[in-house]
Amino acid sequence: MIQQTKSEQVRSKERRISWVVNSIMLIGFLGTLFYGLAVYAFGTEQARSDSEGRMLAQRPEPTVETIMDGSYMEGVEASANDQVFERYLWIETQAWVQRNVLQQQMNNGVISIDEFLYSPDPVASDYSSLGVFFKKFKQEMDEAEIPSYFASAPSKPVYATRQGIFPAYIESADAQNRGQLHERLKDNEIPLIDLEETLGDKTAKEIYFKTDHHWRPEGAFLAYGQIMDRLREQFPDAPVLTAEQMETKTVDGPFYGSHAREISMPYVESADTFTYLEPKDGFTTTVCRNGDDCGHPVLDKDVLKNASKFTNYYNIFMGDNYAQAKITQKNPKNDYHLLVLKDSYANPVLGYLGESFGTVSALDVRYFDDYDVSIADYAKENDVDAVLFVHNDRIRGLGSMYQRGL
Amino acid sequence: MLFSSTVFLFYFLPVVLLLYFVSPRWLKNTILLVSSLFFYAWGEPRFVLIMLASIVMNYAFGFMVDKYRDDAKKIKWTMVLMLLGNLGMLGVFKYASFFVENVNSVFGFSLNDPEIPLPLGISFFTFQAMSYVIDVYRNDGRLQKNLFDLALYVSFFPQLIAGPIVRYQTVADEIVDRRETVDDFVSGIQRFVIGLGKKMILANSCGYVADQVFSQSAGDLSTTLAWIGIIAYSLQIYFDFSGYSDMAIGLGRMFGFHFLENFNYPYISKSVSEFWRRWHISLGSWFRDYVYIPLGGNRQGPWKTYRNLTVVWLLTGVWHGASWTFIAWGLYYGIFIMLERAFLGKWLAAWPAWLAHAFTLFIVVIGWVFFRADNFTYATEYLQVMFGLHGGEVFDQTAYFYLVQYGAVLVLAMIAATPIPKLLVAHFLRHEVSVDRPVLAMSAGLMRAVYILLIFAVSISYVVSSTFNPFIYFRF
């Protein structure tokens, strides 16, 4: 009898412990699943993710056709991924585990070294695709008698390679690729403005953002000086902004650039302070975007309004990227027309160039896919006096895009 | 729909659980059947018809077998038709392109490739359906008169597209009469979460390394990198598949079903035969019970035994995919199992355990090269690199990078492939049963809950972070 009572007591204790543990498991597991379901089914859909710099997928409307061909399901899966509750918290958790538990030094191809984030490119390229473009382009420009120049900035990985910053296990073909790019320019007799001459002996802090792949506006301004040194051989009376004419303005709050968003926050040791340069008397130009959307400033300070943690302040330069942009001086200092072929790296420089040339047109090579453009026709029709490429050396993917501009 | 997707975790599973547990008993199987068909249709709606055709066909064969079981001639023809029907369906959808390609190649024909898309999990549900008819024929399972219950057995979503291959006799009773309990449900949660963690944290990380290495030309690899690649793949395929099996077993348990184990730490085996008793157990036992033993097994002398083994391992290779590399992989194992039966097994038993273990691992890892390579040429070149016969480097910067970047996860995965973590957890949680020390017992219980929920949270973080996450076994 006593034994039986004891056994019942033991079972009762076991049941109590089991009940508590089971309850925690059930609440934790089912609570997570059903909370996720409730948010997806009844929550307000997020339109955009600043941390990822993209629009988020929305719940699709089902139709018989989309259900039968499976595209409805794909849409639901995409939106379920994008609209999952606390999406960025999950992503940061994964990055934290990856960095601190699994000891992975890189995430999404980005590595953090001494507070700076780098994205080394392990793939070697001979830039043959760009070489094909350069050959045809040079021929067309020669026929139109329009001089062309290529301003080549060292990318962050090239800078890191030159300075011996990367640990031995990091593969980076960036410096080698830079050499190949310059070879292709030399092969086709396109004059090179090698911005490493000016930027190479500066410290990383002077030229680059820690958390973004772009250069700082201060680095871009130094590059502008070297570019103008060369262009003034053709345009001797083009005015040049000097450092004394400029003042540096600082944006309140932290700036987390493209690399920070890629690698995610657990890998980011410190934020950038975002600065921009502005002539003390202000810029004297106005910008037309994509043809007829005119009256914009080269520094679009609307970007600074309603800023969030991941606001891309770099968009202050030219107000983002556009297929075509035209900067004109309100009171033209000359009638020179410079055509800049570019990607986002050139955006800070465009504002400075606008102070030197009566008109600066900019074509963004990444949008050549979206519309028919012939660089040569554009240059001829708009009485362009010179064509200037402004890129860093990390452009091995742009060859086919440039070829569409022929 | 993948188990490791947000749409499954936060949409499908909670809805099905809710509907299932609020439904009256008589409606529960219907809920599971409709959910399973929806689950299957989610990926490729048109293929539901093929699965339904398979179900109806085998339902009819079940009746025919039951009716003609005493008529030797009719039962023989029924079984032949059943085999032709099932294997014909599998052959058309899975092997037609392979057949045409080889006929064209051997005879110089130019037959058009029918390019028939492969329905998800067709190998799994076909084998399950065949198992039903054979079990009824052998009186190992009752005739299922309810078409919907048979449909549930074949299409039950936890094991539908990547196994384990559940034999009819295993779940026949539970389909008709089962009891869901809180303990089973919680145990199912644990098993599901462990599987999800295996898949998301270990398999995918190892898989990334393997994919990167195998995407390169074999001639560009250093010897060290080739070994890193195949070791990563060996770990990926184990955690991917055993993780999926764990999730299937866990989900089944939540609904009151008890599937048999499919993996038992295969990488600790000390012989190839032992490896196959621990790896994809449901497939191995299927071939043993439905092919090897009916062919005579090992009871008709050594030569017939070797013939039977050859047939079984040829079929094992073919089952995994319509490619000569899979066939070679199957025969490769067949050869080692025959060698073990002839003499190697005795040698291995006499060797020190570590040596037998190392030898087995070596054989298994080499076998995975054929499994992973797209063709023989690549497999051969890759093996040459692994053994330094390519004249290239032994170690390079890329190998250095993968060791630094993924060394910890590879080591973690290697440890997790052994029973060590299970023993450690059991050691730390041993006080959970010390009811005479309630505080200690409660602490151990709480630790278990925290451990599981932590793995669940980390796994979800990997699910959300990943955008591309196919299961390797989906196309088999």
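Residues numbered from 1 in each chain as written. Chains lettered and ligands numbered in written order. Predicted model: local features only at pLDDT ≥ 70, side-chain atom pairs only at ≥ 80, totals over all residues.

When its secondary structure is counted, chain A shows 14 helices and 15 strands. Relative to its length of 406 residues, chain A is extended, with a C-alpha radius of gyration of 27 Å against a globular reference of 22 Å. With respect to the principal axes defined by its C-alpha atoms, chain A has extents near 110 × 55 × 45 Å. Residue burial in chain A is summarised as follows: out of 406 residues, 39% are buried. When contacts within chain A are restricted to residue pairs at least 6 apart in sequence, those whose partners lie at least 24 apart make up 73%. (Helix = DSSP H or I, 4+ residues; strand = E, 2+ residues; numbered from the N terminus. Rg over C-alpha atoms; globule rule 2.2 N^0.38 Å. Buried ≥ 20, exposed ≤ 12 C-beta atoms within 10 Å, placed from the backbone. Contact = placed C-beta atoms within 7 Å.)

So, about the pairing of strand 13 (residues 337-342) of chain A. Two faces belong to every sheet, and in a regular strand the side chains alternate between them. All names here are of chain A. Extensive coverage of strand 13 is indicated by the burial of five of its six residues. Sheet analysis places strand 13 next to strand 14 (residues 359-364), joined by six bridges and oriented parallel. Looking at strand 14, one finds that L339 is bridged to S361. Following the backbone out of strand 13, through helix 12 (residues 347-354) and into the adjacent parallel strand 14, one traces a crossover that is right-handed. Pairing geometry for strand 13 and strand 15 (residues 386-392), over five bridges, is parallel. Pairing of L338 across the sheet is with A386, part of strand 15. (Pairing = 2+ DSSP bridges. Right-handed = clockwise from strand over helix to strand, strands pointing away.)

Moving on, we get to the nonpolar core. A151(A), A223(A), V340(A), L350(A), C206(B), A232(B) and L235(B) are the most contacted members of the largest nonpolar core, which totals 216 residues. With 18 residues, helix 9 (residues 223-254) of chain B is the single largest residue contributor to this core. In contact with A151(A), not counting residues within four places along its chain, are I193(A), L195(A), A223(A), I227(A), L388(A), F389(A) and V390(A). Grouped together as the second largest cluster of nonpolar side chains are 14 residues, V272(B), W276(B), W279(B) and W313(B) included. (Core = buried A, V, L, I, M, F, W, Y, C linked by C-beta atoms within 7 Å.)

A word on the interface of chain B and chain A. The interface is formed by 43 residues belonging to chain B together with 41 residues belonging to chain A. At the level of secondary structure, the elements contributing two or more residues to the side of chain B that touches chain A comprise helix 1 (6-22), helix 8 (182-214), helix 16 (397-416) and helix 18 (438-465) of chain B.

Glancing now at the packing of helix 1 of chain B against helix 2 (residues 25-43) of chain B. Residues and elements named next belong to chain B. Between helix 1 and helix 2, the shortest axis-to-axis distance is 9 Å and the interhelical angle comes to 165°. Between helix 1 and helix 2, the angle is such that the two are roughly antiparallel. Crossing of helix 1 over helix 2 shows right-handed handedness. Within the contact between the two elements, helix 1 uses F12, V16, L19 and Y20 and helix 2 uses K28, I31, L32, S35 and F39. Residue classes in the contact of helix 1 with helix 2 are distributed as seven nonpolar, one polar and one charged. (Axes fitted to C-alpha atoms, helices over the stretch in contact; angles between N-to-C directions. Parallel < 35°, antiparallel > 145°, perpendicular 65-115°, else oblique. Left-handed = near helix turned anticlockwise from the far one by under 90°. Nonpolar A, V, L, I, M, F, W, Y, C, P; charged D, E, K, R; others polar.)

With that settled, the discussion passes to the environment of D300(A). All names here are of chain A. Among the secondary structure elements, D300 is positioned in the loop between strand 11 (293-296) and strand 12 (324-329). Residue classification places D300 among the partly exposed positions, given that 16 C-beta atoms sit within 10 Å. With near-sequence residues (within four places) excluded, D300 lies in contact with I316, M318 and G319.

Moving on to helix 4 (residues 87-101) of chain A. With 15 residues, helix 4 of chain A extends 21 Å between its outermost C-alpha atoms, agreeing within 8% with the 21 Å of an ideal straight helix rising 1.5 Å per residue. Residues of helix 4 of chain A that are buried: W90(A), I91(A), T93(A), Q94(A), A95(A) and Q98(A). In this structure, the buried side of helix 4 of chain A is in contact with strand 3 (106-107) of chain A together with helix 18 of chain B. One or two steps after helix 4 of chain A, the chain reaches Q103(A), where phi turns positive at roughly 55°. (Expected span 1.5 Å × (residues − 1).)

We now examine the environment of A175(A). Residues and elements named next belong to chain A. Residue position: A175 is located in helix 7 (residues 174-187). The class of A175 is partly exposed, set by 16 C-beta atoms lying within 10 Å. Distance from A175 to G28, taken between C-alpha atoms, is 51 Å for residues 147 residues apart in sequence. Residues within four places of A175 in sequence aside, it is in contact with V158, T161 and R162.

Read across the open sheet, the three strands follow the order 3-4-5 (chain A); overall the sheet is antiparallel. One side of each edge strand has no neighbouring strand; the edge strands of this open sheet are strand 3 and strand 5 (116-118) of chain A.

On to the sheet that holds strand 6 (residues 148-153) of chain A, then. Residues and elements named next belong to chain A. Spatially, eight strands are ordered 7-6-15-13-14-12-10-11 in an open sheet, and the strand pairing comes out mixed. For this open sheet the edge positions go to strand 7 (192-194) and strand 11, each flanked by a neighbour on one side alone. Between one strand axis and the next, the sheet turns through 20° on average, direction left out of account. Direction of pairing for strand 10 (residues 285-289) relative to strand 11: antiparallel, over a ladder of two bridges. In the strand pairing of strand 11, V287 is matched with H296. Packed on one face of the sheet, helix 12 meets strand 10, strand 12, strand 13, strand 14 and strand 15 and runs near 160° to strand 14.

Residue and element names in this part refer to chain A. A positive phi angle, near 75°, is found at E115, a position not held by glycine. By the element assignment, E115 lies in the loop between strand 4 (110-113) and strand 5. Take E115: there are 14 C-beta atoms within 10 Å of it, and that puts it in the partly exposed class.

For the rest of this paragraph, the subject is the pairing of strand 4 of chain A. All names here are of chain A. Alignment of strand 3 against strand 4, held across two bridges, turns out to be antiparallel. Bridging from a neighbouring strand, N107 pairs with V110 of strand 4. Linking two consecutive strands that pair antiparallel, namely strand 3 and strand 4, is a turn of two residues; a positive phi of about 50° is found at N108 within it. In this sheet, strand 5 lies alongside strand 4 in antiparallel orientation, the contact comprising three bridges. Residue pairing for strand 5: I113 is matched across the bridge by F116.

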